[in-house]
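Architecture at a glance
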Amino acid sequence: EEKYRNLLENARDTIIALDLNGNITFVNNIVEEYGFKKDEVLGKSMTEFVPEKYQPKLIKEFAKVIRGNLAEGEIEIVTPKGKIVSEYRSSPIKRGNEVIGSQTILRDITERKKAEEALRESEERFRNLFESAGDGILTLDLRGRVTSANKKIEEISGLSRGEIIGKYPTQFIPLDI
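In what follows, the accompanying structure is described. This one's a predicted model, so the numbers in the text were calculated from it and none came from an experiment. Position labels on residues start from 1 in each chain and follow its written sequence. With pLDDT at 70 or above as the cut-off, local features in this predicted model cover only qualifying residues; side-chain atom pairs require 80 or more to be listed or tallied, and sums for whole chains, interfaces and linings still use all residues. Side-chain numbers here rest on the full set of heavy atoms in the structure, without hydrogens or water.

The next subject is the overall build of the protein chain. Secondary structure elements follow DSSP: runs of H or I of four or more residues count as helices, runs of E of two or more count as strands, with numbering from the N terminus. Looking only at helices and strands, one finds six helices and seven strands in the protein chain. The N-to-C order of helical and strand elements in the protein chain reads α-β-β-α-α-β-β-β-α-β-β-α-α. Projecting the C-alpha coordinates of the protein chain onto the three principal axes gives extents of approximately 80 × 35 × 35 Å. Burial classes follow relative accessibility: with a 1.4 Å probe on protein chains only, a residue under 20% of its type's maximum area counts as buried, one over 50% as exposed, and anything between as partly exposed. The buried share of the protein chain, taken over its 177 residues, is 33%. Note on definitions: a residue-residue contact is assigned when non-hydrogen atoms from the two residues lie within 4.5 Å. In the protein chain, the proportion of contacts linking residues at least 24 apart, taken out of those at least 6 apart, comes to 32%. Computed with the Shrake-Rupley method and a 1.4 Å probe, the accessible areas treat only the protein chains shown as cover for residues. For the protein chain, the exposed surface amounts to about 11900 Å²; the carbon and sulfur share of it is 51%. With 29 positive and 31 negative side-chain charges, the protein chain shows a spacing of 3 Å between the two charge centroids. Counted as positive: Lys and Arg. Counted as negative: Asp and Glu. His and the chain ends are not counted at all. The atom standing in for a charge is NZ when the residue is Lys, CZ when it is Arg, CG when it is Asp and CD when it is Glu.

See the structure below:
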């Protein structure tokens, strides 16, 4: 039992148990890294830790778990050190066939979400540069076929992108330009 308690208490993901009213009955040590004290979290409603806009979703998902189903998704959590985005997986806690609560594992995906947003913004900047370039730009696959073309290539060739993609550049761009 001590070995399993140690695994649970020191897991890098947040592990929470809730009673049937949505009050926290267990939380592992990782919450302290987010600025919480365990004794201040225990007994509080799960809704106290999420922004108001997420509360209807949280309550709906909790009701699903209490009916004996699994739930998973993403949710924002307010901590003393700021908001984090967490991926969650919740399941019912049963005694026999009776649901007596729920358990949730939360994984902090804040950095991943920031990286995804930065990548999206970078791709958008690249797409804008690609499209507005004064020169014709093509990208090719390893066989030399066109995988993308900008507006200038359409102007130069007089063809639409649909007519260009998949072809070899020599099929539509004169060699003497």
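Past the structure itself, the notes keep going.
Attention now moves to the packing of aromatic side chains. Classification of ring pairs uses Phe, Tyr and Trp, with its six-membered ring standing for Trp, and accepts pairs whose centres are within 6.5 Å; under 30 degrees between planes counts as stacked, over 60 as edge-to-face, and the remaining range as tilted. Using the criterion set out here, one finds two aromatic pairs in the structure. Ring geometry for Phe36 versus Phe49: centroids 5.4 Å apart, planes at 80°, classification edge-to-face. With Phe36 in the loop between β2 (24-27) and α2 (38-41) and Phe49 in the loop between α2 and α3 (55-66), this pair connects stretches of sequence that are 13 residues apart. Of the two residues, Phe36 and Phe49, both sit in the buried class.

Another aspect to go through is the sheet that holds β2. Pairing is antiparallel across the open sheet formed by five strands, whose spatial order is β2-β1-β5-β4-β3. Edge positions in the open sheet fall to β2 and β3 (71-79), since each of these has one partner strand only. Here the strands of the sheet are splayed against their neighbours by 30° on average, with no regard to which way each runs. Every angle, taken between N-to-C directions, lies between 0 and 180 degrees, and every axis is a line fitted to C-alpha atoms, over only the stretch in contact when it is a helix. Against the sheet, helix α4 (residues 110-132) engages β3, β4 (82-95) and β5 (98-108), with an angle of about 130° to β4. By definition, two strands form a pair when at least two bridges between them are found by DSSP.

This paragraph deals with the side chain of Thr104. Within the element layout of this structure, Thr104 appears in strand β5. A residue is classified by how much of its surface remains accessible, and Thr104, at 10% relative accessible area, is buried.

What follows is about the pattern of salt bridges. Salt bridge, as used here: a side-chain nitrogen of Lys or Arg that lies within 4 Å of a carboxyl oxygen of Asp or Glu. Applying the stated criterion across every chain, the model contains 18 salt bridges. For Arg161, the salt bridge is made with Glu131, and the minimal N-O distance between the two is 2.6 Å. With a gap of 30 residues between them, Arg161 in helix α6 (residues 161-164) and Glu131 in helix α4 connect regions that are remote in the sequence. With its nearest N and O atoms 3.5 Å apart, the salt bridge here joins Lys152 to Glu155. Of this pair, Lys152 and Glu155 are both found in helix α5 (residues 151-157), three residues apart, which corresponds to roughly one turn of the helix. Look at Lys152 and you get partly exposed, because its relative accessible area is 28%. Residues joined in a network through salt bridges with shared partners are Glu72, Glu74, Glu87, Arg89, Arg112, Lys113 and Glu116.

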